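# Descriptive analysis of the structure
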Amino acid sequence: MYSQTIKSGEKLVFAGSYNMSGLMTQLAQVTMSTENVTTAKNTYLHLSCELSTYSKWDSFFKIRDLYETYVNPATLKPSLYKRNIDEGGWTKKEKYVFKGNTVNSTSKKRNRPETQKTFTIGASTQDVISLLYKVRTMDLNKFKVGQTQALMIVFDEKQIPVTLKYMGKETINAGNLGSKECYKLSIGAKTDALKGKDKNLIWLTADSKKVPALLKFSIPVGTGQLTLTSASGI
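Everything numeric here is computed off the predicted structure, so don't read it as measured data. (Residues numbered from 1 in each chain as written. Predicted model: local features only at pLDDT ≥ 70, side-chain atom pairs only at ≥ 80, totals over all residues. Heavy atoms only, no water.)

So, on to the overall build of the protein chain. Along the backbone of the protein chain there are two helices and 15 strands. Relative to the 2.2 N^0.38 estimate, which gives 17 Å for 234 residues, the radius of gyration of the protein chain is 17 Å and therefore close to what a compact globule would have. With the C-alpha coordinates aligned to their principal axes, the bounding extent of the protein chain is approximately 45 × 45 × 35 Å. With 234 residues in all, the protein chain has 41% of them scored as buried. For the protein chain, long-range pairs separated by at least 24 residues make up 44% of all intrachain contacts whose partners lie at least 6 apart in sequence. Working note: accessible area of the protein chain is about 12000 Å², and carbon and sulfur atoms make up 52% of it. Once the 34 positive and 19 negative side-chain charges of the protein chain are each reduced to a mean point, those two points are 3 Å apart. (Helix = DSSP H or I, 4+ residues; strand = E, 2+ residues; numbered from the N terminus. Rg over C-alpha atoms; globule rule 2.2 N^0.38 Å. Buried < 20%, exposed > 50% of the residue type's maximum accessible area, 1.4 Å probe, protein only. Contact = heavy atoms within 4.5 Å. Areas by Shrake-Rupley, 256 points an atom, 1.4 Å probe, with all protein chains shown as cover. Lys, Arg positive; Asp, Glu negative; His and termini not counted. Charge placed at Lys NZ, Arg CZ, Asp CG, Glu CD.)

Structure representation (structure tokens):
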């Protein structure tokens, strides 16, 4: 089912747009990068996803979000996940330490005291960032249109089932990679964070790299998309 690994040194830059009064408006840059990190005991693949509004929008609604996860380079199984968000002055920090099927989490919202929690997850549960990379290692060539794959993520200190549905191939503009044939996937999750049937979509280049070329999302406050502008180190 899984065909290849994710390389260190990859950098993907996206333009983030949001539907404002019926117009898709570019508001932010999203950068996803990978690097090897070696400790005394292990080597991890550090996956990071950084979102920041363009400076001209900062006075309107400033966003500085950083999602990071440290995973096993071969299996992409997470060991440590961190989420540090600042959205219009509302802040939240989270840290998950994975040990086998147990997660020890700490969470701190704006002016509230830090909370700690321990909970159990399944053997194949991913955090939200490592899941996106995990999907890229799947052998999507073997999927038939309409075929689904059940996955599991941990988010907001709970497990959430995710359903991936293969919707065929489409040709998409993939930034500096040019026009590319892509696998189109629908992502559904039992969460209030996502809305609508087949409204949360991702297009991955239909080659061994499976680079995300376009992501469309529908959330309670509206719809938006991430469009690949540049890919390097792939």
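The rest of the description comes next.
Quick look at helix 2 (residues 128-136) now. Of all nine residues in helix 2, eight are buried; the element is thus mostly enclosed. When helix 2 is considered as a whole, its buried residues turn out to be Ile129, Ser130, Leu131, Leu132, Tyr133, Lys134, Val135 and Arg136. Put simply, aspartate 127 is the residue that caps the front of helix 2, since its side-chain oxygen is 3.0 Å from the backbone nitrogen of isoleucine 129. (Polar contact = N/O pair within 3.5 Å; in protein donor to acceptor, adjacent residues only side chain to side chain.)

With that settled, the discussion passes to the packing of aromatic side chains. Within the structure shown, the criterion is met by six aromatic pairs. Aromatic pair tryptophan 57 and phenylalanine 60: ring centres 5.8 Å apart, planes at 65°, arrangement edge-to-face. Of this pair, tryptophan 57 and phenylalanine 60 are both found in helix 1 (residues 55-61), three residues apart, which corresponds to roughly one turn of the helix. Here phenylalanine 60 falls in the exposed class, since its relative accessible area comes to 56%. Taken together, a centroid distance of 5.0 Å and an interplanar angle of 40° make the contact between tyrosine 81 and tyrosine 96 tilted. Here tyrosine 81, found in strand 5 (residues 78-87), pairs with tyrosine 96, found in strand 6 (residues 90-99); they are 15 residues apart in sequence, far enough to count as distant. The class for tyrosine 81 is buried, based on a relative accessible area of 0%. By relative accessible area, which is 0% here, tyrosine 96 ends up buried. An aromatic cluster is defined as three or more aromatic residues linked by ring pairs; in this entry it consists of Tyr81, Tyr96, Phe98 and Phe119. (Phe/Tyr/Trp six-rings, centres within 6.5 Å; stacked < 30°, edge-to-face > 60°.)

Here is the idea: a disulfide is a covalent bond, and it sits between the sulfur atoms of two cysteines. In this structure the tally under the stated criterion is zero disulfides. Counting only cysteine sulfurs, cysteine 182 is the nearest neighbor of cysteine 49, a cysteine outside any disulfide, at a range of 18 Å. Judged by relative accessible area, which is 0%, cysteine 182 ranks as buried. (Disulfide = S-S within 2.5 Å.)

The full count for this structure, using the stated rule, is nine salt bridges. For arginine 136, the salt bridge goes to glutamate 10, with nearest N and O atoms at 2.8 Å. On the criterion of sequence distance, the pair formed by arginine 136 in helix 2 and glutamate 10 in the segment before strand 1 (11-20) is long-range, its members being 126 residues apart. Take arginine 136 and glutamate 10: they sit in the same class, and that class is buried. Note that aspartate 58 is salt-bridged to arginine 64, the shortest N-O span being 2.7 Å. (Salt bridge = Lys/Arg side-chain N within 4 Å of Asp/Glu carboxyl O.)

Right, let's get into the side chain of threonine 34. Along the polypeptide, threonine 34 turns up in strand 2 (residues 23-38). In terms of polar contacts, threonine 34 uses its side chain to reach the backbone carbonyl oxygen of lysine 7, at 2.7 Å. A polar side-chain atom of threonine 34 sits 3.0 Å from the main-chain amide nitrogen of glutamate 10. Other than its neighbours up to four places away in sequence, threonine 34 contacts Ile6, Lys7, Ser8, Gly9, Glu10, Leu45, His46, Leu47 and Tyr133.

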